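Examination of the molecular architecture
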Amino acid sequence: MITDPQGPGRPLVAGPGARDGTGGPPEGWEAPRERWLSTVVRPAFGPRSVLLEVVTRLLIPAILLLSVFLLVSGHNRPGGGFAGGLVASMAYVLRYVAGGRHELLAGLPMRPNGLLAIGMMMGCAAAGLPLLFGRPVFETAKWELTLPVFGEVKVLSALFFEAGVFLIVVGLVLSVVAALGARMEAEEEEARTEREQRAVWLGRRAARARQAPPGPAEGGPR
Amino acid sequence: MNALLAVPFVVPLLGAAITLLLRRTPRSQRIAGAVTLSVVVADAAVLLWRTHDGTILTSQAGDWPAPLGITLVADPMASLLVLVSSAVLLVVLLYAIGQDIGGLSRATPQVFHPIYLVLTAGVSLSFIAGDLFNLFVGFEIMLTASYALITQAPTRARVRASMIYTVVSLTSSILFLTGIALVYALTGTVNMADIAEKLGAAPPELRMVLALLFFVVFGIKAAVVPMHFWLPDSYPVALTRISAIFAALLTKVAVYAIIRTQTLLFLRDDISTVLMVVAIATMVVGILGALAQSDINRIMSFALVSHIGFMIFGLALGTAAGLAGVVVYLVHHIVVQATLFLVNGLIRQYVGHTSLAAIRGLTAVSPALALFFFLPALSLAGLPPMSGFIAKVALFQAAVAVGGPLAWTGLAAGVLTSLLTLIAIFRIWTRAFWGTPRQDMLEARARLRSGSNRGGLRIMTAMTGVMVAVGVAVAVASGPLTAVGFTAAEDLLDGRAYVTAVLGEGAR
Amino acid sequence: MSTPSFLLVVTVAVLYSSGFYLLLQRSLMRVVFGILILGHAANLSLLLTDVAITLPPLLGGREGEMSDPLPHAMALTAIVITFGVTTFLLALAYRVWLGDENDEVPDDLEDRRISSLTEPEDSS
Amino acid sequence: MLLPFLIAIHALTAVAVPPLVRVMGSRAFLVASLPLALTAAWVLARTPGIVGGRPVTASVPWVPSLGITFDFRVDALSATMVLLVCGVGAVVFCYSAAYFHAGERALGRLAGVLVLFAGSMLGVVTTDNLFALYVFWELTSVSSFLLVAHSDQRESARRAATQALVTTAGFGLLMLVGFLLLGSLGGTYRISELVADPPLDSPWLPVALVLVLAGAFAKSAQAPLHYWLPGAMVAPTPVSAYLHAAAMVKGGVYLVARLAPGFADADPWRALVLVFGLATMVLGGWRALRQDDLKLLLAYGTVSQLGLLTLLAGAGTHTAAVAVIGMLLAHGLFKATLFLTVGIIDHQAGTRSISRLTGLGRRVPVLAAAAGLAAASMAGLPPLLGFAGKEAALEAFVPGRDAALSAPASAAVLTGLVLGSVLTFAYSARFLWGAFADKDTVSEVRFPKPSRAFTAAPVVLAAAGLVLGALPFALDPLAQAHAAPFDAAGHPYHLALWHGLTPALGLSALVAAAGAVLFWRRRAMTRLQNAMPNWYEAEAGYDAVLEGVRWTAFHVTGRAQSGSLPVYLGIILATMLALPGTRLLAALIGGDVPVPGAGDGLRLWDNPLEVVVVLIVVVTAVATVRERRRFPSLILISALGFGIAGMFVLHGAPDLALTLVLVETLTTIILVFVLRRLPGAFKTRPDGWPKRLTVLMCAAAGSFIAVSLWLMAHARTDPPVSQGYALRAEEAGGQNLVNIIIADFRALDTFGEVVVLATAAVAVASLVLLNRRDRVAREPGDRAGEEAEQEAAAGGAPEPLDQVGEMAAPVPDGPGDAGRGTEREDRS
């Protein structure tokens, strides 16, 4: 198993058991641990491809920029928070496909749950703030600002809401990729190790059994 | 007023976001969850206070006028249901908190609170949605949260059960969406008041098709026969706190949706014969299922199916008295069903399972538990002086007033079901609560009451007691409750009031 | 005239039928596929409530010739919801597979027991 | 308003007694008897007014909109019943203080429930509202359920309690329906109003009466519903003395007597009451004669007497009404005395079997005397109250006495009455002989002398019977007040010991003589009884019904609840086809819906590109259905998604298309993640009829939806509301209407939708990212661990645990888990 250089002995992909003792999923599985495009990792599918990795690296900023554009321009053109969020998360999926699960962990700005929570809070703010002024939920406010470079700009509180949508979509996709991609991969690795250990253990037991035939059967491999 | 209508779902969602952020600190999560639900309960109480005389409160999301923006509507029925459901949600949450404090559960606490609050939001939104598509969204919020909850601590049995639950629910959701498409194709609107207006001009046969389709859609979720099979296979397997909420609320939301659509949208179209036949089948098949089971949770689940039949029966009568009976029955059943499942949870704590084959002498193990089972059991069986009796009398009285072969058959089925419920539920009592307790049960009690679990167990027991007390309070206050029921029923049958409240006087 | 063309009606029928058929299969993956297809079918139905005009609902286009934007918005919402729920269903399918080593929807055991009419041991 | 208050005091006492028992042991019963004594005293004080025609009334509203109100009204009948219920109750409570040991199991519960019962019974006999009556009625059933099963470790007690509850509550439900019907016919649920103005001309009245009588008969153990009463004798004796002699079983008689003034003349009231009452009286007496257990003898005796009481209560004549007041009190007094006597015998001797008791008359002469008086009263001997009552009863059916009864009917009833009375005399004698006589064949059992306090109760009750018997005129005003609504035809009958040489007196003498012969020839009687075929047992009917229900439950549930998801979904689809589907088909066939015709919106396609896209969609959809390998299906399903996106583009929905393309891409990637772990090919069902049917059904369901869509779009009533959006888009500040709708007009939907997404994300994470312990337990090859878990969960129960485990899902909430939860090991 690859261990984290900063925390000796800590499993990289949180494996066996959570520390908090609350019975929940192990924390820390999705925390960033690695530098981007490191050399020790194995991608999810097939052998590593340097070409794919480089292309990915070049593409990602462009994809993220596109996603922000979609988010902002949604009010006038096809796009919006959903499309923007999906495009942005596509960047991370690409990164995972190219670099494997450690790439994904390394590149996250924050944990998916955090993104979800913040996104939901933005939604609640857009919904709930008007309530404080006795207005109905989701009443949009509009501000006209004059910015130095862009000149006259209309800012809608709906944009704020769309940003929340954006975050939630990214959070969802990251969550799913982390769970159904990275975690499953890690689990498989673990199971493989376990099988190997078991085979070794079985072999030893068989050897022992040959040495002392009438031994009582013992418990499981612990 | 705007805030009053929005709080029941905005605040829980805010609470969900906060608890999601707080997932490392269980203590603050618990406080946040409890505070959130208390706010909702308080808000719902005010809501009911404002609407109990038949007033219909509306709020237009985004301040866009009615058919364009989404309408939130609180009529007496919706307010009452929001109040009762949030109160039950609060008590069950406290029960769950007790269980977690005592280390008595395997649920994943970090995500339990956020999802639970999302469920609350979904339930509330479904009650006060005045827009068909928004109702769909409310349902989806509730259902997605329920998918997440039913798989808490996913053992093999639970995963198996949640598969059935999820796929059936998804089927219903897709049919719901299809129904919305059809309604929109016919009327060009999704605002319920607007639909109610515009459906008037539609060909009656097509309206009838829609009425039946929507009955099927919500009937799946309400678990009416013959679309009930999924329920007893999934609910009993979930964690106690979750099956309690599911049994108490989810089917009721669907029943509410059936009532809302069939009264507001399709009042002109008489599908009461279908409703009555389904109601009778549901009552009888459900309770027969309960009699065939040998696990307390499964008996309760089948009994739940059976008693959904009572509510459909009241709706099928089509009179104000019948609907008033349904309102009372809804409130009664939400409380009682939650209580009984909480009691089952306590039984699981003492015994480890709920199979009748291996439980006896619970009265001796815990007299409080026995009392907490006995009173709601009486209520479920419809015996006086509990709330179940009032609800049943309301329905039966309405049936007698309507008369005719169908109503009488329904009444007969209701009587038969009451008796069989009595047999089923007292079979649990005589087998599990009477007799000499098994040694291991006494040992489990000693273990539970001495160790670190003690405080948690106390909270759980206390909360079950609170639910029992709520049940008794429902019975004591059934006078005012029934009065609200009648007001609500009149509002439901008088579509004009709803339409005027939403669209204003200028509506066609 | 907002009636969808005959071809589109047939498409909707085919989508729903194949979705339903896949839904009724024992294999979990096929059930997931069924849900996906049914999602498409429902979204398409929403869209077909208004189909004669085929220009995007952008203001500034030719007035009165835009397609109806409301079904689009609803379908969009529905697409995203279906996506979220499908991912959950996939995770669930994965769990079933982990537990049972096959990807079939298992039957409920207690029901099976009662169907086989074995009297429970507590019969009285 | 004192009465509701008194009932409330009972309820409060019921709550307070259990802790009191813990403090002062069985003496708490003395405290518990206070409210009863208080009530009895109160009613006694009000009796003059009540008899004078001024009933005491009170009212507490509960659910006025349903007519459920606690109306109280104490008239002569109620006063009699209150005196009986409270007077006998108080005595029984005092007796209980001596009967129960302090160490008795669950004594607090028993005491509390007994007080609760007394309060409910008080409610039954004083309320004037049908619903309130039902409430108290069922409360007595439920508290009796708990009382009968006082020794709940015994299977027989549990069974008897259930039987009593199911029978009385089940028929109680019928009675409730009868009440509802009666109330709806009469327009009121107040009993006094209904009786004063009965809805006699309604065709539904007979139905209502039959239903009400069914409930009353079940409660009062009328044949063939009498079986639960002997079974209920497993209850502690004070409970039997109170519930099954004085109070609860009288509930049915009370109801019959209560309604008789209004409904006795309506068909089929009188026929039912007379036939069932008489049959019960004779049957009970006959069965009592052969009992060896003294308590069972009394139980069957009670059944017999209840038959008589029902018959008198419901006959609806002046004399019968007079008789019923006398008999009610007489029976309560003598039967309670006898039960208490049996209780003492059982308590001291440890047996109540006739064949094991001997010589008690010599050893406890006082008790024997009290029992002798009570038995004499039961047999109808002067100068006891039983005699006065029985005289009146015989008199009531002397042909020609009352115009309401035809002469042949009177004669038939009278014959039955005499027969029943003979049996009553015989079993009364048998009781006395069995309990107290010296028997040569039996050796004496140990019999410690009972304390004075213990014997006081039966002595007091027996004495009361004697005093009232000697002074029947004390009771007569109550009887007359109750009988007042009936036509006395000028010569009202009075309760008295001596009416002159009437036919009734002759019949009484005849009864005594024949009864004495019957007792004297008891060996012959036994032989005769044994020779009789063992005829129909009503209890077998109860068992058969329950067994039938159980059988049906198993078969229906076994057939319907298959446990298979595809079947469930198939049924849902079938339901959709059956309800809206057939409706649409019928409408189409009937031509009730406008169908688009040529030139009216019917066209093949809108644009040629559409044909291409549709082709892609249809082909991929069908191919997905037919494909069995996982990766080709995956490719097909993605292609299908992109095809749909193409359709969206064609139909002016670029936003949708964009989103769908993105979603499809992600879905495909995620599908790849999961699919690569699953088997390479799907199992498919074998071809055959089931499969063909499935295909057919799915095609029908799909077509139904498509055709509905087509028809509905054609029949659209109004232009879509979304035209309004274009007008307001400027206000919302944007040009892309879809996006403005999503972000502004209908932001609430969008908000809900992202909440769904967030929840799904959390759900996926919590489902897959389990902690190690949970995960490992489910992994292949580690099944043994799970089974061990189940084993531990069920606590090593002897039952086959595989089923238990499966159902209860390895004890998720269980304490066992909590224990194990701490031993997670870390492994790095």
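Residue positions within a chain follow its written sequence, with the count starting from 1. Each chain takes a letter, starting from A, and each ligand takes a number, starting from 1, following the order in which they are written. At least 70 in pLDDT is required for a residue's local features to be given in this predicted model, at least 80 for side-chain atom pairs to be given and counted, and no such filter applies to totals for whole chains, interfaces and linings, which use all residues. Note: side-chain values were computed over all heavy atoms of the structure, leaving out hydrogens and water.

What follows is about the packing of helix H10 (residues 240-265) of chain B against helix H13 (residues 320-351) of chain B. All names here are of chain B. At their nearest, the axes of H10 and H13 sit 7 Å apart, and the two run at 165 degrees to each other. The orientation of H10 relative to H13 falls into the category roughly antiparallel. Relative to H13, the crossing made by H10 is right-handed. Where H10 approaches H13, its residues Thr240, Ser243, Ala244, Ala247, Ala248, Leu249, Lys252, Val255, Ile259 and Thr263 are matched on the opposing element by Leu323, Val326, Leu330, His333, Ile334, Gln337, Ala338, Phe341, Leu342, Gly345 and Arg348. By residue class, the composition of the contact of H10 with H13 is 13 nonpolar, six polar and two charged. As a rule, the C-alpha atoms of each element are fitted with a line to give its axis, helices using only the stretch in contact, and angles between N-to-C directions run from 0 to 180 degrees. Helix and strand definitions follow DSSP, with helices as H or I runs of at least four residues and strands as E runs of at least two, each counted in order from the N terminus. Between 65 and 115 degrees an angle is taken as roughly perpendicular, under 35 as roughly parallel, over 145 as roughly antiparallel, and anywhere else as oblique. The crossing is said to be left-handed when, going from far helix to near helix, the turn is anticlockwise and less than a right angle, and right-handed when the turn is clockwise. Throughout, a residue-residue contact means that at least one pair of heavy atoms, one from each residue, lies within 4.5 Å. Amino acid classes used here: Ala, Val, Leu, Ile, Met, Phe, Trp, Tyr, Cys and Pro are nonpolar; Asp, Glu, Lys and Arg are charged; the rest, including Gly, are polar.

Here we come to the interface of chain B and chain A. The figure often quoted for interface size is the accessible area lost as the parts come together. Across the contact, 24 residues belong to chain B and 24 residues belong to chain A. Where chain B abuts chain A, roughly 2000 Å² becomes buried across the two surfaces, and 68% of that area is made up of carbon and sulfur atoms. Within this document, salt bridges are pairs made up of a side-chain nitrogen of Lys or Arg and a carboxyl oxygen of Asp or Glu, the two lying within 4 Å of each other. Taken together, the links from chain B to chain A amount to one salt bridge. We note a salt bridge from arginine 135 of chain A to aspartate 63 of chain B, for which the minimum N-O separation is 2.5 Å. N or O atoms within 3.5 Å of each other form a polar contact, as long as, within protein, one can give a hydrogen and the other can take it, and as long as residues adjacent in sequence are counted only when both atoms are side-chain atoms. Our count for the contact surface shared by chain B and chain A stands at three residue pairs in polar contact (both at pLDDT 80 or more). Of all the secondary structure elements, the ones that give two or more residues to the side of chain B that touches chain A are helix H1 (2-21), strand S1 (57-60) and helix H4 (109-128) of chain B. Buried area: the accessible surface (1.4 Å probe) lost by two parts on joining, summed over both.

Turning next to the nonpolar core. In this description, a nonpolar core means a group of buried Ala, Val, Leu, Ile, Met, Phe, Trp, Tyr and Cys residues linked to one another through side-chain atoms lying within 4.5 Å. Exposure categories follow from relative accessible area, calculated using a 1.4 Å probe and restricted to protein chains: below 20% of the type maximum is buried, above 50% is exposed, and the middle band is partly exposed. Core analysis: the biggest nonpolar cluster contains 619 residues, and Leu180 of chain A, Phe20 of chain C together with Tyr242 and Phe397 of chain D have the highest contact counts within it. Every residue in contact with tyrosine 242 of chain D, bar those within four places of it in the chain, is listed here: Leu36, Val85, Gly89, Val92, Phe93, Leu114, Phe117, Ala118, Ala247 and Met248 of chain D.

Turning next to the UniProt feature "transmembrane region" (unreviewed entry) in chain C. Residue and element names in this part refer to chain C. UniProt positions are given in the numbering used here, feature names are shortened, and annotations may be inferred rather than shown by experiment. Under the local residue numbering, the UniProt record ascribes the feature "transmembrane region" (unreviewed entry) to residues 6-24, 31-53 and 73-94. Along residues 6-24 the backbone is 95% helical and 0% strand, and the end-to-end C-alpha distance reaches 27 Å. End C-alpha atoms of residues 73-94 are separated by 32 Å, and the span's content is 100% helix alongside 0% strand.

The next point concerns the pattern of salt bridges. Applying the stated criterion across every chain, the model contains 28 salt bridges over all chains. For aspartate 100 of chain B, the salt bridge is made with arginine 241 of chain B, and the minimal N-O distance between the two is 2.8 Å. With aspartate 100 of chain B in helix H3 (residues 76-101) and arginine 241 of chain B in helix H10, this pair connects stretches of sequence that are 141 residues apart. Accessibility assignment for this pair places aspartate 100 of chain B and arginine 241 of chain B in one class, buried. Two residues, arginine 73 of chain D and aspartate 75 of chain D, come together in a salt bridge whose shortest N-O distance is 3.7 Å. For aspartate 75 of chain D, a relative accessible area of 16% corresponds to the buried category. Residues participating in the shared-partner salt-bridge network are Arg362, Arg363, Asp438 and Glu444 of chain D.

As a further point, take the packing of H3 of chain B against helix H19 (residues 454-476) of chain B. Residues and elements named next belong to chain B. Between H3 and H19, the least distance of the axes is 7 Å, while the angle of their chain directions is 165 degrees. Relative to H19, H3 is oriented roughly antiparallel. Viewed along their axes, H3 and H19 form a crossing whose handedness is left-handed. Residues Val88, Val91, Leu94, Tyr95, Gly98, Gln99 and Ile101 of H3 lie in contact with H19, whose contacting residues are Gly456, Ile459, Met460, Met463, Thr464, Val466 and Met467. When grouped by side-chain class, the residues that make up the contact of H3 with H19 number 10 nonpolar, four polar and no charged.

Right, let's talk about the interface of chain D and chain B for a bit. Residue-level contacts link 121 residues of chain D with 136 residues of chain B. Taking both sides of the interface into account, the surface hidden between chain D and chain B amounts to around 10900 Å²; carbon and sulfur atoms contribute 73%. Taken together, the links from chain D to chain B amount to 19 residue pairs in polar contact (both at pLDDT 80 or more). The dominant element in the side of chain D that touches chain B, judged by the number of residues it contributes, is helix H6 (residues 155-186) of chain D, at 14 residues.

Turning next to the confidence of the model for chain C. Residue and element names in this part refer to chain C. Summarising the model, chain C shows a mean pLDDT of 80, and 76% of its residues fall at 70 or more. pLDDT is defined as a per-residue confidence score from the predictor, taking values between 0 and 100. Taking the mean pLDDT of every element in chain C, the minimum, 75, falls on helix H4 (residues 109-115) and the maximum, 94, on helix H1 (residues 6-23). Segment residues 120-124 is flagged for pLDDT under 50; beyond a separation of four residues in sequence, or across chains, it makes 16 contacts in the model.

Turning our eyes to something else, we now look at helix H5 (residues 157-211) of chain A. The periodicity of an α-helix, 3.6 residues per turn, causes residues three or four places apart in sequence to face the same way. Here H5 of chain A spans 78 Å end to end across 55 residues, near enough to the 81 Å set by a 1.5 Å rise per residue. Bending is quantified residue by residue as the angle between axes fitted to the seven-residue window ending at that residue and the seven-residue window starting at it. Along H5 of chain A, the sharpest change in direction is near 30 degrees and occurs at alanine 178 of chain A. Helices are assigned an expected span. That span is 1.5 Å times one less than the residue count.

Within the patch definition used here, like charges are joined within 9 Å and nonpolar side chains (Val, Leu, Ile, Met, Phe, Trp, Tyr) within 5 Å, considering only residues with over 30% relative accessible area and no salt bridge. To measure how exposed things are, a 1.4 Å probe is used in the Shrake-Rupley method; for residues, cover is taken only from the protein chains shown. Charged residues are defined narrowly, with Lys and Arg counted positive, Asp and Glu counted negative, and His plus the chain ends left uncounted. The location of each charge is read from NZ of Lys, CZ of Arg, CG of Asp or CD of Glu. Together, Arg198, Arg204, Arg205 and Arg208 of chain A make up a positively charged patch on the protein surface. If you trace the backbone, arginine 208 of chain A turns up in helix H5.

Attention now goes to the packing of aromatic side chains. Between two aromatic rings, the relevant description is the distance of the centres plus the angle of the planes. Here is the rule: rings of Phe, Tyr and Trp (six-membered ring for Trp) pair when centre to centre is within 6.5 Å. Planes less than 30 degrees apart are stacked, more than 60 are edge-to-face, and the remainder are tilted. Here the structure, examined in full by the defined rule, presents 52 aromatic pairs over all chains. Their ring planes at 85 degrees and their centres at 5.4 Å tell us that phenylalanine 136 of chain B and phenylalanine 176 of chain B sit as a pair that is edge-to-face. Of the two residues, phenylalanine 136 of chain B sits in helix H5 (residues 132-150) while phenylalanine 176 of chain B sits in helix H6 (residues 156-187), which places them 40 residues apart along the sequence. Here phenylalanine 136 of chain B and phenylalanine 176 of chain B have matching classes, each one buried. Through successive ring pairs, a cluster of aromatic residues spans Phe29, Phe93, Tyr95, Tyr99, Phe100, Phe117, Tyr242 and Phe454 of chain D. Directly above the aromatic system of tryptophan 433 of chain D lies the positively charged group of lysine 439 of chain D, at a separation of 5.0 Å from the ring centroid. Remark: a charge is flagged as sitting over a ring if the NZ atom of Lys or the CZ atom of Arg is within 6 Å of the ring centre and within 35 degrees of the ring normal. Stacked on the ring of tryptophan 433 of chain D, the Lys or Arg arginine 522 of chain D has its end atom at 4.2 Å from the ring centre.

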